[in-house]
Structures are given as C-alpha cells and as structure tokens.
Amino acid sequence: MSCNPAIGGVAKGQMTREIDALGGEMGKAIDATGIQFRMLNRSKGAAMHSPRAQADKTLYSLHMRRVIEHEKNIDIQQDTVIGISAPSGKFSSVTVRSGRAIKAKAAILACGTFLNGLIHIGMDHFPGGRSTSEPPVEGLTESLASLGFSFGRLKTGTPPRIDSRSVDYTKVTEQPGDTDPVPFSFSSKSVADRNLISCYLTKTTEKTHDILRNGFDRSPLFTGKVQGVGPRYCPSIEDKIYRFPEKTSQHIFLEPEGVDTVEMYVNGYSTSLPEDVQIEGLRSIPGLEEVKMIRPGYAIEYDFFHPWQIRSTMETRPVENLFFAGQINGTSGYEEAAAQGLMAGINAVRKIIGKESLILGRDQAYIGVLVDDLITKETKEPYRMFTSSAEHRLILRHDNADLRLRKFGFDCGLLSSDALDRTESINERIQQFVDLLNKSKVMPAEINTFLISKELQEIKSPASALSLIKRPGIDVQDILDNSLSVRSVAGDLCSDPRVIEQAQIEIKYEGYIKREQLVADRIARLDGLHIPDNFNYDSLNSLSSEGREKLMKHRPSTIGQASRILGVSPSDVSILMIRLGR
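Residues numbered from 1 in each chain as written. Predicted model: local features only at pLDDT ≥ 70, side-chain atom pairs only at ≥ 80, totals over all residues. Heavy atoms only, no water.

Just give me the short version of the overall build of the protein, but keep the residues and values in it.
Within the protein, the secondary structure is distributed over 20 helices and 20 strands. Here the C-alpha atoms of the protein give a radius of gyration of 26 Å, agreeing with the 25 Å that 2.2 N^0.38 yields for 582 residues. Expressed along its principal axes, the backbone C-alpha trace of the protein runs to roughly 80 × 70 × 50 Å. For the protein, the proportion of its 582 residues judged to be buried stands at 52%. Taking the contacts inside the protein whose residues are at least 6 apart along the sequence as the reference set, 70% of them involve residues at least 24 apart. Total accessible area on the protein stands at roughly 26,600 Å², and carbon and sulfur atoms take up 51% of it. (Helix = DSSP H or I, 4+ residues; strand = E, 2+ residues; numbered from the N terminus. Rg over C-alpha atoms; globule rule 2.2 N^0.38 Å. Buried < 20%, exposed > 50% of the residue type's maximum accessible area, 1.4 Å probe, protein only. Contact = heavy atoms within 4.5 Å. Areas by Shrake-Rupley, 256 points an atom, 1.4 Å probe, with all protein chains shown as cover.)

Residue-level account of the environment of Asn195, with values.
Checked against the element boundaries, Asn195 lands in the loop between strand 12 (173-175) and strand 13 (199-203). Judged by relative accessible area, Asn195 falls into the partly exposed class, the value being 23%. The spacing of Asn195 and Glu301 is 106 residues in sequence and 35 Å in space, taken between C-alpha atoms. Setting aside residues up to four positions removed in sequence, Asn195 forms contacts with Ile35, Gln36, Phe37, Gly177, Asp178 and Pro181. Among the polar contacts listed, one links the side chain of Asn195 to the backbone oxygen of Asp178, at a separation of 2.6 Å. (Polar contact = N/O pair within 3.5 Å; in protein donor to acceptor, adjacent residues only side chain to side chain.)

So what's going on with the sheet that holds strand 14 (residues 251-256)? Which residues, and what values?
Here six strands make up an open sheet; going across it, the order is 12-13-14-15-11-16 and the pairing antiparallel. Here the strands that pair on one side only, and so sit at the sheet edges, are strand 12 and strand 16 (293-295). Across the sheet, the axes of successive neighbouring strands diverge by a mean angle of 35 degrees, strand direction being ignored. Pairing of strand 11 (residues 161-163) with strand 15 (residues 263-267), which is carried by three bridges, proceeds in the antiparallel orientation. Counterpart to Asp163 in the pairing with strand 15 is Glu263. Here helix 7 (residues 275-282) sits on the sheet in contact with strand 11, strand 15 and strand 16, set at roughly 145 degrees to strand 16. (Pairing = 2+ DSSP bridges. Axes fitted to C-alpha atoms, helices over the stretch in contact; angles between N-to-C directions.)

If you had to explain the pattern of salt bridges to someone new, which residues and values would you point to?
For the coordinates displayed, the defined rule picks out 37 salt bridges. For Asp163, the salt bridge is made with Arg165, and the minimal N-O distance between the two is 2.8 Å. The exposure class of Asp163 is buried, given its relative accessible area of 9%. Here Glu315 and Lys351 are joined by a salt bridge, their closest N and O atoms 2.7 Å apart. With Glu315 in the loop between strand 17 (298-305) and strand 18 (322-324) and Lys351 in helix 8 (residues 334-352), this pair connects stretches of sequence that are 36 residues apart. Assessed through its relative accessible area of 32%, Lys351 is described here as partly exposed. When salt bridges with common partners are traced through the structure, they connect Arg362, Asp372, Asp373, Lys377, Glu391, Asp527 and Arg564 into a single cluster. (Salt bridge = Lys/Arg side-chain N within 4 Å of Asp/Glu carboxyl O.)

Laid out in structure tokens, this is it:
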C-alpha cells in the first residue's frame, strides 16, 4: 500500500469509485480493510462530495495479495526488471536482474518511486526504492533512455511515524468516522461495522515553525541536495513554512495505521529535515509534547518519463506494446496510479486480441481527465487530481460512477452480466421515479403546513412534486413525508435510498447538468476529429512556431487534445481543422 494509509479524498474518492465501476479491485479492498470512513465536503454541492477511508495498512496489503494469488489467470514471478528489449521499436521482452529474459506480447511498467530512488534525511542520503528498507531499481531508466525515451527527476516525501501511546489525547481534537458511512464499491452492502477508530486533529505552533526554520541550513531542500521537483499542492512542512511565513500554524492529522499497531501517521508533517529537528518540532505541537518517534520522515527523488510520450491508451509512442502506469508518468497518488494501471491493463489486452481501445473522455470520467491532462499538459511537478481539474465535475460525481461506467467494464470483460443488469435496473428505477414525481400532484392541504414551518411560500393550487422539489429548502423526502398521494403512487421506489438520492440530484441540478452536457457535447465533437499519427506539422507554414513545436512534441490524437496543449493557439487549431477538413 502507499505510504499514506488511506484511500480516496477530494477527487481521488471519485476516481476510486470509477475504478470500481469499471471492475477494478481498489473499492472492494478498502471496504474489506478500512478502519474509518468519512464523506468529505458534505456541506457543499453533490459534485464536491468525496469519500475517504482510513485503511489498516497491513490488512489491505494482505487482502490484495490474496486476491491476486487466487486469480486463476495470473501467474506471479518475482524479480527486478532492469531492461526492456524492443527490436524495431516493438516490445519483445523484459530482462530481470538474474539475466533471464521474459518474453511477452505486451508489458506495463508501474515502477512507483523505485527508478534510481534516492532517500534524503537531513544531509544524509542513500539509495532506496519506496522506503528505507527497499532497494531502488537501477538500469531500467538507462535501458528506456537508450530506446529513445526522455526522462526527468521528481520528488515526494513522507512524514515521521509516531507511537500512538505517547499522544496526549486531552489536547487533540477527535475526528470520528461517519455514522452512515458510504462504501466505495457498488457491490458492497455496508461498511458500518468497519468504523473502528478515530483520527485526531492538532496544529503546529509558532514555536514549531521556529524550530524547523533553525534546521533549514541542514535541509536537503534548501541546500541543493534534492534535484527533483516536489508536489506544489502537497508540500513538506518546511516548504509550507518557507512559502507561507505569515501562517503561524498548520493543521496536523494523526492517523492510525491499523487496529493492531501503535504506529501512527502524522499527516501534514511530511519532511526531510534532520531526525533531531523532526522530533524537536513534533514535541512543540499540542498533544505531542512527550511523543516517541518510531521512524523519521524523509524525501525520495526518483526518475519519471515525460507523459507526452504516451498515447491515450497508456501505450508509449517510442515502443509499441509497452505501456506506462503510475509515477513513471509523473503522477502522485495511489488512486491516480490505480486508474492508470487499470486503463493500461484493459488496453494492453484489447490490443493483443484485436479489439478497439477504451479511451474515456473528459466528460465521461475523472480517469479521462487524468489521462488527457498527462498527455496535453507539461509535467513540471508530480500531477495530482483535483475536482477543479474536471470542467464537467457536475456530471462526474462519485455517486453516479456506476451509471456512467459499468457498461464499459462489462464490455471489457471485467464485470458480470448480473452486475450490469443491476446497474441498468437502478437507472430505470431512477428515471421511473423522476417521471412519477413530474406527473404526481401535491395538494395544498398536504404540503402547506410544512411550507409554513419552513417559512416557504405556500401553494394555492395542486403542484407537481417535481416543481416543489426544485425549490430551495425542499427535498424529495419532504414530499414523501407530507404527501400520502405521492407516496402511495411511488410504491417501493420511495423505499430505495439510492433512487431517492439520484432523483433528487437530477431534479435539483437539472438546468446546470443540461448546460454542462451541451458544453461537453461541443468539446466531444472536437475530440471526434482525429489527427493521423504521422501528420506532417512542418507542412503547415501558417502554424505559430511554438504551436508547431508543441504539436510535434505531444502528437495529439484529436483536435480536442491539440486545443488543450499549452502553447497551441486558437488560430493554430483553426489551421489544423482546415487542413484536416480538406
């Protein structure tokens, strides 16, 4: 599992549910091994709701290992890949450390932070893969570079782990899980029995910041030891203090790593400062005055390959039938890596068996946004998914991921016909319920007492239930509770929480969703205009110099992709459209 023992969060939770909707395992794994579940941003609109769960780190890994080992179509071979063989630009085999070549029709590299990984703690640095106990992978970067790949260097980090028994819980704020937790997997019935622990919140102090500043002269970040670029949106604690000197405190989240361990993750305190500075800074935080540090935080820098070298299928451009997924493409995060791995796996198989690739659009999934961003944007720091990255986020909610994507998962052979039938049945019931609410009339005598109690305008004649639900302050359940006529006509539809939830979102946001869909359809038309792989951009004299350079570098698959590349102007896009139209 990733160093942060959690799944989901803002935008990441939406992606996890999309992975599940397509037939992936992540949602099932966290539902089976989670120890706290919370829905973030409940006070905001439906598009911002994001599920997150704390995991039992050991149980999660054991669960996933068991799933893999019991899959009859997977053979496990454990070794370190140090080279790729690709005669004439087509993948043929991988070479492992023992010298053996393993032949295959396709390969997916999901290297994480192992490629020439270098760990930093203060002024000390040493080779490492993902943690201080794992070796890095050496030789694979050089092998790929010899095949024509361009690579760079990035950095990420992790906080210290502390002994939960040394925390003073009277000085920290408890954060329990939700009383009505939402499962990640659409196949899970309930996770209420998995809410086993609380997390805790505290803050750094001005004293903390002074202690950490005094260690800057021994920080690998500020002394030039670290060459890789770190994530701007998830900086280390010393980076936060340096960049935001006006802030006198930063939130610190204390997150248990499991139910049978005392190890606790200090979220928000990612650092590569010397060990003595780390522990002194921790002990200046309320609740951690007597804290015991189990192991220090550290930074790790590693090689990545610029993602403009991959196609929308995750296949690399320089080598046919070789696919990249995860941090090798410059992303940060477990969920982003899982999404890429799933798409790479699907498309590698579909190419081998001669089927059409699966490419999700930006209006179809956060996964589609992720892949498109990797191809069209310059990766100067580890890429992390945010809701703000998705221009169609009102359509791409976590609650409707199965309604959007189940059909794709079934077509790819990852879901059973029963799973697809259940989803289609739910969709039909939702539409039936919306139609019923539109046709059903609510009498003034049924609803006016409720409207008066809520200081809302009364109705003087029968009104459709749907029109009343569109009003601020009135929910579907309010109509069902106050109108016997609507409730009796709805029958068993009104006893299904999923049907009520989806109907309410559809009714409340109807105008916004329609407008967003129109914009998505316009963009989809541009994404439907394909550009040949061998298109000669030098033949278009009217292109701007920067536009030509970026188009030749990124090699977009469609006009839509070309329009999203930084440096390609609207006039460049128009010139392309005219030429392709001819």
